[in-house]
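Examining the three-dimensional arrangement
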Amino acid sequence: MSATEWFQARLRMGESSKVPVASNGATKGPARHTPKPSARTTAERLQATLRKADEALSPRTLRRVLAELQAVIDPRVSEVEGGRRAHAIAQAYAGASPEERRDYWALMSEHFAADAGKLKSARDQHQSAVGTPDEGQAELRLRRALVSPRMRLLQRFAVEPGGMRFLVDLRADLLPCLKSDKRLLALEAELEHLFSTWFDVAFLELRRIDWNSPASLIEKLIRYEAVHDIKSWSDVKNRLDDSDRRCYGFFHPRLPNEPLIFVEVALVDRISEGIMPLLDEAAVPVQPAKATTAIFYSISNTQTGLRGVSFGDSLIKRVVETLQDELPRLKTFATLSPIPGLRAWLAKNAGELLPRLDEKREAELGRLVGSVPPTAERLLAAVDAATELDAKSPLRQWLLQATAEYLGRTLVDGTPADPVARFHLGNGARVERLNWAGDPSAKGLKQSYGLMVNYLYDLKRLDRHRAWLAEGKIAVSGDIEGLFLKKG
């Protein structure tokens with residue numbers, strides 16, 4: 001089989017299991033079957049004889065599974081034996097239907113909670129001891145009371161080599177079901193808590209992924225890359241080329257050869273304005289020794305089950321340090337990012353932007369769209385074919401102004417409205433520049449009229465920018481500030 005045939009076969013195989021990932025590192029997650037919760041609690045079902053129509057496991061099987069789960073944390077068995085028992089349950093779970101898996105989650109959620117009586121007693125004692133010499137001891141008792149049997153159960157699953165993979169996949173299965181069944185929230189929260197410790201950046205290894213990496217690892221990049229889909233064997237080779245391209249990922253020792261998150265980098269001589277030149281396989285490469293700028297053009301989380309566990313900011317910092325050690329001439333670190341929420345936001349908020357236009361711009365736009373004053377509906381229809389607008393078009397200028405408002409001023413619950421902006425601005429970057437027709441692909445037009453944005457990582461000002469964001473102010477360049485509309 002030729003290399004091209006191998007790539008095409010692998011690509012077809014991967015389509016059915018591909019995990020779409022947002023460019024901010026937040027996994028969007030694959031389409032998953034979400035079984036409906038049973039009306040009865042597991043406590044009620046365990047006491048029953050017959051199974052109802054909306055229940056997967058029979059009461060008899062439910063009792064057996066509960067006994068097996070309880071045996072995992074039997075205080076009389078060693079951690080190794082507990083891990084072996086957990087492994088047997090994980091194997092049974094792997095062969096279960098989605099509805100049967102929900103019953104496993106329900107048992108873990110409803111029968112392994114912390115003892116409510118002991119917890120109340122410890123909390124009362126701690127409240128009484130605050131400010132006294134006994135406060136430390138009371139806090140210790142409270143901490144011990146908060147450790148649920150469920151936590152110990154999950155820790156036992158991680159003993160076996162494949163246990164971490166099992167838990168990450170279990171949470172990925174669980175997440176889509178939380179809205180329909182609040183009983184699962186405690187299980188999900190404890191999984192996230194454990195993962196935030198187990199996947200702390202102190203335990204992660206930064207590795208470069210290149211053309212000489214194992215084929216199985218390159219397959220995973222093909223599978224998980226969803227910011228700018230890999231289209232061919234030569235495409236993936238171009239992204240991993242030794243000259244002006246770099247790719248780095250974080251790896252965990254319990255998930256070998258499985259990148260948790262990876263970033264693709266282009267070494268160039270200026271901040272990039274569009275994605276097509278970066279993906280152009282025929283482009284003349286920049287000599288790394290002469291490059292002055294590193295462009296992060298794709299950042300992807302790969303594990304749905306690790307949603308909420310943040311290590312993207314640490315990845316960028318580590319990559320910057322690595323690149324600076326290798327290439328001292330690099331002075332500028334920036335992204336070329338999509339704006340995935342722009343079109344949807346503008347569809348809802350265009351009307352609120354219109355009163356903030358000055359009279360001259362309002363008249364110009366009105367004449368162009370055939371409505372004085374212009375209406376939101378007509379403006380949105382007119383900019384739908386944004387790439388056809390010339391550089392001096394008032395419609396083009398209005399769309400750039402609206403985008404600046406979206407990225408540089410719009411906060412939702414104190415955080416940037418756009419998910420990619422939320423990621424980079426939360427890391428301390430600033431909104432640097434908008435790029436017209438930066439991504440003229442169908443996906444780019446659908447998301448943001450083809451617009452892309454550069455976020456600049458000014459290493460000396462990251463902490464300051466994060467502090468501003470905590471106060472409700474977004475860091476922007478002078479160019480972006482100059483696009484702002486007058487305040488309403």
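Residues numbered from 1 in each chain as written. Predicted model: local features only at pLDDT ≥ 70, side-chain atom pairs only at ≥ 80, totals over all residues. Heavy atoms only, no water.

**What about the UniProt feature "domain: Malonyl-CoA decarboxylase C-terminal" (unreviewed entry) in the protein?**
For clarity, the threshold we go by: UniProt positions are given in the numbering used here, feature names are shortened, and annotations may be inferred rather than shown by experiment. Per the convention used, a helix needs a DSSP run of H or I reaching at least four residues, while a strand needs a run of E reaching at least two, with both numbered from the N terminus.
Those residues carrying the UniProt feature "domain: Malonyl-CoA decarboxylase C-terminal" (unreviewed entry) are residues 202-458 in this numbering. End C-alpha atoms of residues 202-458 are separated by 24 Å, and the span's content is 38% helix alongside 18% strand.

**Let's talk about the confidence of the model for the protein**
Rule in force here: The pLDDT value tells you how sure the predictor is about a given residue, anywhere from 0 up to 100. Two residues qualify as a contact provided that any one of their heavy atoms is within 4.5 Å of a heavy atom in the partner residue.
Looking at the protein as a whole, the pLDDT averages 90, with 93% of positions reaching at least 70. Every residue in residues 1-7 is under pLDDT 50, and counting partners more than four places away or in other chains gives 11 contacts. Taken as a whole, residues 10-31 scores under 50 in pLDDT and shows 54 contacts with residues more than four places along the chain or in a different chain.

**Remarks on the packing of helix α15 (residues 342-353) against helix α18 (residues 394-408)**
Using the following cut-off: All axes here are fitted lines through C-alpha atoms, helices being fitted over the stretch that makes contact, and every angle between N-to-C directions spans 0 to 180 degrees. An angle counts as roughly parallel when it lies under 35 degrees, as roughly antiparallel when it exceeds 145, as roughly perpendicular when it falls between 65 and 115, and as oblique in every other case.
Direction vectors running N to C along α15 and α18 enclose 105 degrees, while the axes themselves pass 11 Å from each other. Relative to α18, α15 is oriented roughly perpendicular. Contacts between α15 and α18 involve Leu-342, Trp-345, Leu-346, Ala-350 and Leu-353 from the former and Trp-398, Leu-399, Ala-402, Thr-403, Glu-405 and Tyr-406 from the latter.

**Concerning the packing of aromatic side chains**
Which entries qualify depends on this criterion: Working definition: a ring pair exists when centres of Phe, Tyr or Trp rings (six-membered ring for Trp) sit within 6.5 Å. Plane angles under 30 degrees give stacked, over 60 give edge-to-face, the rest tilted. Using a 1.4 Å probe on the protein chains alone, a residue whose accessible area is under 20% of its type maximum counts as buried, one over 50% counts as exposed, and one in between counts as partly exposed. The criterion is that NZ of a Lys, or CZ of an Arg, lies within 6 Å of the ring centre and within 35 degrees of the ring normal, and then a charge sits over that ring.
By the definition in use, this model includes eight aromatic pairs. Aromatic side chains Phe-195 and Phe-199 sit 5.7 Å apart centroid to centroid with 85 degrees between the ring planes, which places their arrangement in the edge-to-face category. Side by side, Phe-195 and Phe-199 carry an identical accessibility label, which is buried. Between Trp-345 and Tyr-406 the ring centres are 5.0 Å apart and the planes differ by 35 degrees, which places this aromatic pair in the tilted class. Separated by 61 residues along the polypeptide, Trp-345 in helix α15 and Tyr-406 in helix α18 bring together distant segments of the chain. With respect to burial, Trp-345 and Tyr-406 carry one shared label: buried. Here a set of aromatic residues connected by ring pairs shows up, and it is made of Tyr-93, Tyr-104, Phe-157 and Phe-166. For Arg-207, the ring lying beneath its charged end belongs to Phe-251, and the centroid distance is 3.8 Å. Its end group placed over the ring of Trp-211, Lys-237 keeps NZ or CZ at 5.6 Å from the ring centre.

**Description of the UniProt feature "domain: Malonyl-CoA decarboxylase N-terminal" (unreviewed entry) in the protein**
In the UniProt entry, the feature "domain: Malonyl-CoA decarboxylase N-terminal" (unreviewed entry) is given for residues 112-199. The straight-line gap between the two end C-alpha atoms of residues 112-199 is 24 Å; of that span, 69% is helix and 0% is strand.

**Here's the deal with the side chain of Ser-448**
Defined as follows: Two N or O atoms count as a polar contact when they lie within 3.5 Å, although within protein this holds only if one can serve as hydrogen donor and the other as acceptor, and sequence-adjacent residues are included solely when both atoms are side-chain atoms.
Secondary-structure assignment places Ser-448 in helix α20 (residues 442-448). A distance of 2.8 Å separates a polar atom in the side chain of Ser-448 from the backbone oxygen of Leu-451. In this view, Ser-448 contacts Ile-339 and Leu-342; residues no more than four positions away in its chain are not counted.

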